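Here's the letter readout for the chains.
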Amino acid sequence: VQLVESGGGLVQPGGSLRLSCAASGFTFSSYRMSWYRQAPGKERELVATITSAGGSTNYADSVKGRFTISRDNAKNTVYPQMNSLKPEDTAVYYCNARRVDLREYWGQGTQVTVSS
């Protein structure tokens, strides 16, 4: 089982980034997918979630209106499109897959730094 995040990096405030999480080794379409993030000295927080078929999404209040989560079940990939980035969005972003029986998998994380 693997979840491999990519697309992180350094971006200026107000900029955009699109992360990707490529899944393998399990039935991707059976799992709800989420993105979490963890800033230095802070707890990991849930950023966005999308249901297994992609019909419903939820976002943390801090990113509503700026982030959009989507998935392509044919490519076993989930994406967050992150717009209007702020310095407080700086964190390591993690991909999570969770099934209804609570079996879950985590990616290794990708660093996003928002700074001028």
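Our structure is the block above this text.
Residues numbered from 1 in each chain as written. Predicted model: local features only at pLDDT ≥ 70, side-chain atom pairs only at ≥ 80, totals over all residues. Heavy atoms only, no water.

Enquirer: Break down the pairing of strand β6 (residues 45–50) for me, citing the residues and quoting the values.
Expert: Taken together, the 5 bridges between strand β5 (residues 32–38) and β6 define a ladder with antiparallel strand orientation. Bridge assignment links Met33 to a residue of β6, and that residue is Ile50. Between β5 and the antiparallel strand that follows it, β6, lie 6 residues; Gly41 among them carries a positive phi value of about 75°. As paired elements, β6 and strand β7 (residues 57–59) share 3 bridges and run antiparallel to each other. When the sheet's bridge partners are listed, Ile50 is paired in β7 with Thr57. The loop that links β6 with its antiparallel partner β7 comprises 6 residues; one of these, Gly54, has a positive phi angle of about 85°. (Pairing = 2+ DSSP bridges. Helix = DSSP H or I, 4+ residues; strand = E, 2+ residues; numbered from the N terminus.)

Enquirer: A description of the state of the cysteines should follow, citing residues and the corresponding values.
Expert: Applying the stated criterion across every chain, the model contains 1 disulfide. The partner cysteine of Cys21 in its disulfide is Cys95, sulfur to sulfur 2.1 Å. Sign of the S-S torsion, about -85° for the bond between Cys21 and Cys95, identifies this disulfide as left-handed. Of the two residues, Cys21 is situated in strand β4 (residues 20–24) and Cys95 in strand β10 (residues 91–98); the sequence distance between them amounts to 74 residues. Residue Cys21 is classed as buried on the basis of its relative accessible area of 0%. (Disulfide = S-S within 2.5 Å. Buried < 20%, exposed > 50% of the residue type's maximum accessible area, 1.4 Å probe, protein only.)

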